[in-house]
Each structure stands twice: as C-alpha cells, then as structure tokens.
Amino acid sequence: MNNKIILYILIALGTMACRKDKPIPSVEESSECKPFEKDLPPQTYFTNERFQYKAPHFNPNNSNEFIYHFRDYELNKFYLLKYNLQTKEKTFIVESGKVFDQPKWSAKGKIAYTHHVSYVDHIHIVKENGDSLIQFTVDVSNMYPVWSSTGDELYWMYTPNLGVPYYFLKQPFNASVPDTLSKNGDAYNGYLRYNAVSQNNKLLSLVFINNEAHLATASPNEEPFSFSSITSMNQAFDHPSVSGLCWSSDEEYVYATVGGKKKGLYQLSVNNSNIELLIPFCDTKRYESISASSDGKYLIGERIDSYLQLDEQSNPTGAIIQNSSIYLIDLHTLEETKIELEP
C-alpha cells in the first residue's frame, strides 16, 4: 500500500470521526468574557462586595415572577424575595438564614430552600406570601430540594452524617415519613444533585451511573426508579463541574451551567446527542443557578462577574472580587439583560 493510499484512508477516518463526534466549541472572548489581564499571585482567595443577588427561580405559574436570595455580607443577613418583571415590584418573603443551593417554587405556591447552620442543612418551606414557614426535614443534611410538577411532593438528597451513605427521598407535603427512591449501594447511590423537574414530572439530575457522572432523567413515580442518560459529563465536557440545571418548557432540551475546561452555558437535546454552547464562561464572567420560564421565552440566572483587586502599584493583591447579579437570557436572541434589584 503506497503512501498516497494510506493518506486517503487516514483522511476518511478523520472525517468519519468528525461526523460521529461533533466537537463542542471553544470559549470565545468578548467584551464581557475574557481572561484576567494580570497574572495571579501564588496565593489567591475569593471575596464579595456587600450586596449579592443569587439563585433565582421562576414562578411555574407566572413567567413574570421569580424568587431569589439576597445576601448582605456586611450584616451577614440572608433574605428570600420575590420580584415581578412587569410591575417592577419587589416583595419580601422571609429572612432565610444562611442558604445552600437554589430555592424552588412549586405550582401550589410554596417555596422550598435549604437552610444551613453549623454543618447541618434543613429544608424549610414557606408560602409565596411569606406565611406558614416550617422546617420540613428533621435529620442532619438535606440538599437540592425540588417539587413535583403538581407541587404535592418534594424530592431531595439526604445524608445522615455529611457524607456516605446518601439517599434520594420523596415525601408528600402533608405526609410525615419520606420514601426512599435511591440509596447508597444501589445503581445511583442516592447522590443526586442540581435536581429539576419538568412540567410532566420528569426528574433531571447530575447522577453517577457506573461510577461516572451523567446528566440523566428519571420518572420519580415509576417503579423501578431508573435513570436514562442524556450525556456522560466526562466524555462531553472533559472532567467538568456543574452549578445549575433546568428543563426547557417543552422538555425537548435541558440547560446546564458547566465549569472546567469547556465552561459555559449549554443547551442539550434530550432526544439526540446534540450539545450547543449558548454562552461561554471565562475568568471574568460565568452563570450558576438557572431557571426557565414556563412560556419558553427566557432563562433567568445568577451571573457572577469577577475582577482582580489591585494594589497602589496596580499589582494583584490575591483577592478575586465576585459579584452576583440576576440576568434574563432571551432564548431566541441570547441577549442578556440585568435585572436591577437595588437593596
């Protein structure tokens, strides 16, 4: 076989590989998204300015409303608030204490969030008007709550000792004892994170399948409880981290905020292997918690803009200042609009 024939074979094989595995686009720089302009010193740390606006979630019954956490770092205060995009009205719901993850708003008008105190995480539930605040869980560490599509049941991850074993539980709001959907030792080990539920009650989670991280879906009320993978995170994104998941309103796509080498906001098709980078992340810009409006027009997300603190000689001090704001993302144009939520 001569060298020219070998070359043709190699080109053909390369073409086949490209057709089979569509590469994810690399992160591109823009005026908002770029690397830090100066090299960091060996020791760095993250800090924040006083007011931070975090972890928004749309009202499933009204695309003009969302809830979010507001943190005052100077007073070390945390508040859960509601905002109406149409009327520009901001409504206090509850002083929430230190929080973990994203609050979730149910179709029945209740809000669930994880309250963190001294390494103990409990899920609290409050009505959307601020009434009837309760502590829903009773033991140690409870995280990543999400409501069923009807708002009658809550699903969440639980661990009795801040580590293995993990359990994934479900419990009707009016029941006193949860059911176990997944636990340590079974196929999924109970370690389900960044949970989201579609309008038809399909669960989306970051879950381990055969000891590998996947974005996957399941039906919580079907037996046996079983996940179908959308994608392997390592194969698709090359050892990433995840900070937010949500469904599209029509359930054709899921959206994920991904860190690591291929960081960005991604749209993943549920029915095929298509993965699309919508917004790249970089040193100066990224998104975390995200939520999709029920009318299918927008994502809302916590956008974190970062910059280096400089000394009088314009050298980095080691501090990276992070500021969280809430942005609307138009799913048709990908235009990003900051929601002004002054304290």
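The coordinates are above.
Only a predicted model underlies this, so the values are computations on that prediction, with no experimental measurement involved.

Sorry, what's going on with the overall build of the protein chain here?
The helix and strand inventory of the protein chain stands at two helices and 25 strands. Relative to the 2.2 N^0.38 estimate, which gives 20 Å for 343 residues, the radius of gyration of the protein chain is 22 Å and therefore close to what a compact globule would have. Projecting the C-alpha coordinates of the protein chain onto the three principal axes gives extents of approximately 80 × 60 × 40 Å. Per-residue burial for the protein chain yields a buried fraction of 48% across its 343 residues. Within the protein chain, contacts between residues separated by at least 24 positions form 41% of all contacts whose residues are at least 6 apart in sequence. Only carbon and sulfur atoms are counted for the fraction: they give 48% of the accessible area of the protein chain, which is about 17400 Å². On the protein chain, the mean spot of the 30 positive side-chain charges and the mean spot of the 41 negative ones are 3 Å from each other.

Could you clarify how one ought to interpret the sheet that holds strand β19 (residues 253-258) in this entry?
The strands making up a sheet associate through hydrogen bonds between their backbones, and the pairing can be parallel or antiparallel. Read from one edge of the open sheet, four strands run β18-β19-β20-β21, paired in antiparallel fashion. On the outer flanks of this sheet lie β18 (242-247) and β21 (275-280), each paired with one strand and no other. Put simply, the sheet's adjacent strands are angled 20° from each other on average, direction ignored. Of the pairings in the sheet, the one linking β19 to strand β20 (residues 264-269) comprises six bridges and is antiparallel in character. Along β20, the bridge assignment pairs tyrosine 253 with serine 269.

How should I be thinking about the state of the cysteines in this particular structure?
The term disulfide refers to a covalent linkage connecting the sulfur atoms of a pair of cysteines. Enumeration over the complete set of coordinates arrives at one disulfide. The partner cysteine of cysteine 33 in its disulfide is cysteine 282, sulfur to sulfur 2.2 Å. Linking cysteine 33 in the loop between α1 (3-20) and β1 (45-48) with cysteine 282 in the loop between β21 and β22 (285-292), this pair joins segments that are 249 residues apart in sequence. As far as the burial class goes, cysteine 33 and cysteine 282 line up, both buried. Free of any disulfide, cysteine 246 has its nearest neighbouring cysteine sulfur in cysteine 33, separated by 19 Å.

Just checking my understanding: could you explain the nonpolar core for this structure?
For soluble globular proteins, nonpolar side chains are generally found buried alongside one another. Ranked by internal contacts, the top residues of the largest apolar core, which has 24 residues, are Leu206, Met233, Phe237, Leu245 and Leu268. Discounting residues that sit within four places of it in the chain, leucine 206 has contacts with Tyr191, Leu192, Arg193, Tyr194, Ala213, His214, Leu215, Met233, Val242 and Leu245. By size, the runner-up hydrophobic cluster in this structure holds 14 residues, among which are Tyr155, Leu181, Val207 and Phe227.

For this particular structure, what's the right way to read the pairing of strand β8 (residues 120-127)?
A regular strand places its side chains on the two faces of the sheet in alternate fashion. By the criterion of burial, β8 is predominantly enclosed, with six of the eight residues buried. Across eight bridges, strand β7 (residues 110-117) lies against β8 in antiparallel orientation. Each residue of the ladder has a partner; that of alanine 112, found in β8, is isoleucine 125. A loop of two residues connects β7 with β8, the two strands running antiparallel in sequence, and serine 118 in this loop sits at a positive phi of about 50°. In this sheet, strand β9 (residues 134-135) lies alongside β8 in antiparallel orientation, the contact comprising two bridges. Its bridge partner being in β9, isoleucine 125 is matched across the sheet by isoleucine 134. Linking β8 back to β9 in an antiparallel pair, the connection comprises six residues, with glycine 130 at a positive phi of about 95°.

The rules behind these values
Residue positions within a chain follow its written sequence, with the count starting from 1. A pLDDT threshold of at least 70 governs which residues receive local features in this predicted model, and a stricter bar of 80 or more applies before side-chain atom pairs are shown or counted, although totals over entire chains, interfaces and linings include all residues. As a convention, hydrogens and water are excluded, and side-chain values are obtained from all of the structure's heavy atoms. Runs of E in the DSSP output that reach at least two residues are strands. Runs of H or I that reach at least four are helices, and both are numbered from the N terminus. When we talk radius of gyration, it's over C-alpha atoms, and the globule rule is simply 2.2 Å times the number of residues to the 0.38. In this scheme, a residue with accessible area under 20% of its type's maximum is buried, one over 50% is exposed, and one in between is partly exposed, where area comes from a 1.4 Å probe on protein chains only. In this description, contact between two residues means that some pair of their heavy atoms is separated by no more than 4.5 Å. Note on areas: Shrake-Rupley, 1.4 Å probe, and residue coverage restricted to the protein chains presented here. Charge counting follows a simple rule: Lys and Arg are positive, Asp and Glu are negative, and His as well as the terminal groups are ignored. All charge positions are set by atom: Lys at NZ, Arg at CZ, Asp at CG, Glu at CD. Any two strands with at least two DSSP bridges between them are considered paired. For helices, the axis comes from a line fit to the C-alpha atoms of the stretch in contact; other axes are also lines fit to C-alpha atoms, and the angle between any two N-to-C directions lies between 0 and 180 degrees. To count as a disulfide, a pair of cysteine sulfur atoms needs to be within 2.5 Å. Definition used in this section: a nonpolar core is a set of buried Ala, Val, Leu, Ile, Met, Phe, Trp, Tyr and Cys residues joined via side-chain atoms within 4.5 Å.

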